[in-house]
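The residues making up each chain are set out below.
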Amino acid sequence: MSAVQSSAFAKAYSGFLFDMDGTIINSIAAAERVWGNWARSKGLDVEKFMPTMHGKRGVDTIGQLNLPGVDPIAESTLIMEAEIADVEGVVALPGAVDFLASLPPERWAIVTSSPYRLAMARLDAAGIPVPRFIVTAEDVKVGKPDPQGYILGAQRLGLRTSDCLVFEDVMAGIKAGEAAGADVLVITATHSHPVETDHSTLLNYENVHARVDGEGKMSIVRNG
């Protein structure tokens, strides 16, 4: 394993910034049901469209399609309501609940592309308590891959992004973490295809734990 790939496990961080969907919870089935229905209703090639909607704000995903007569704000609001109503199969990733519970609450935040109400619904469905700090779609003017969300997340922790580790699962979020100047750990639990990345990777949280030192800095330690 190269120095680059092992870096997230060799350092201690002042803060952890977690994406939500695909990173601490698995909501793929629910999201793809709703977005698949929407894509079909617009005559899109569902198979080609689906990979483009993960990790980004709905309004950004729709806006980038430039569909004639389609209002991205109105459509994304309808999709959000459908997603809030459908949380069947939304679960925490293995080990995520215990891993998050072991962290000092003032040292971590969720930074998600989901709107606030949808984030609350999915965290509740997955059995993950709402953290002290959370950045949602409404908190930023530009969504991932823009770094604004991660910069704001670090600010809410009172930290620099360079002192934080970003946990991500898709390219839009990985690029946002990179652009923010943070180290990135890629969670691969929901990946159907290998992700080409030089960042450290982790399947899920089952075989790791967080070590917190006397200064409150956190590191990820493999069990056993």
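As the structure is a prediction and not an experimental result, all values here were calculated from the model. (Residues numbered from 1 in each chain as written. Predicted model: local features only at pLDDT ≥ 70, side-chain atom pairs only at ≥ 80, totals over all residues. Heavy atoms only, no water.)

## Points about the domain arrangement of the chain
- Segmentation of the chain into domains returns domain 1 (15–26 + 90–222) and domain 2 (28–85).
- For domain 1 versus domain 2, the separation of C-alpha centres amounts to 23 Å.
- For the pairing of domain 1 and domain 2, the buried interface totals around 1200 Å² over both sides, and the portion due to carbon and sulfur atoms is 58%.
- Summed over the shared surface of domain 1 and domain 2, the number is two salt bridges.
- Residue Glu83 pairs with Arg122 through a salt bridge whose shortest N-O separation is 2.8 Å.
- Counting across the domain 1 and domain 2 interface gives six residue pairs in polar contact (both at pLDDT 80 or more).
- The class makeup of the residues in the side of domain 1 that touches domain 2 is nine nonpolar, four polar and four charged. (Domains from an automatic or database assignment. Buried area = accessible area lost by both parts, 1.4 Å probe. Salt bridge = Lys/Arg side-chain N within 4 Å of Asp/Glu carboxyl O. Polar contact = N/O pair within 3.5 Å; in protein donor to acceptor, adjacent residues only side chain to side chain. Nonpolar A, V, L, I, M, F, W, Y, C, P; charged D, E, K, R; others polar.)

## Observations concerning the packing of aromatic side chains
- In total, this model carries 13 aromatic pairs according to the counting rule given.
- Taken together through their ring pairs, the aromatic side chains of Tyr13, Phe16, Phe18, Phe99, Trp108, Phe167 and Tyr205 make up a single cluster.
- If you follow Arg222 out to its NZ or CZ, it ends over the ring of Phe9, 4.1 Å from the centre. (Phe/Tyr/Trp six-rings, centres within 6.5 Å; stacked < 30°, edge-to-face > 60°. Lys NZ or Arg CZ within 6 Å of the ring centre and 35° of its normal.)

## Thoughts on the sheet that holds strand S4 (residues 108–111)
- Pairing within the open sheet is parallel, and its six strands lie in the order S5-S4-S1-S6-S7-S8. In this open sheet, the two edge strands, each paired with only one partner strand, are strand S5 (134–135) and strand S8 (200–202).
- Two strands pair when backbone bridges link them, and strand S7 (residues 183–187) and S8 are joined in this way by three bridges, in the parallel orientation. By the bridge assignment for S8, Leu185 is matched with Ser200.
- Strands in contact with helix H9 (residues 171–180) are strand S6 (164–168) and S7; relative to S7, the strand with the most contacts, it is inclined by about 165°. (Pairing = 2+ DSSP bridges. Helix = DSSP H or I, 4+ residues; strand = E, 2+ residues; numbered from the N terminus. Contact = heavy atoms within 4.5 Å. Axes fitted to C-alpha atoms, helices over the stretch in contact; angles between N-to-C directions.)

## Quick word on helix H7 (residues 116–126)
- All buried positions along H7 are accounted for by Leu118, Ala119, Met120, Ala121, Arg122, Leu123 and Ala126.
- At the exit of H7 stands Gly127, carrying a positive phi of roughly 75°. (Buried < 20%, exposed > 50% of the residue type's maximum accessible area, 1.4 Å probe, protein only.)

## What to know about the pattern of salt bridges
- Following the criterion strictly, the structure yields eleven salt bridges and no others.
- Among the ionic pairs, Asp86 bridges to Arg33, the shortest N-O distance being 2.7 Å. Taken together, the residues Asp86 in the loop between helix H5 (72–85) and strand S3 (91–92) and Arg33 in helix H2 (residues 28–41) connect sequence positions 53 residues apart.
- Classification of Asp86 by relative accessible area gives buried; the value is 18%.
- One salt bridge in this structure joins Arg117 and Glu81, with 2.7 Å as the shortest N-O distance. With a gap of 36 residues between them, Arg117 in helix H7 and Glu81 in helix H5 connect regions that are remote in the sequence.
- Overlapping salt bridges, with partners in common, bring together Asp19, Lys144 and Glu168 in one network.

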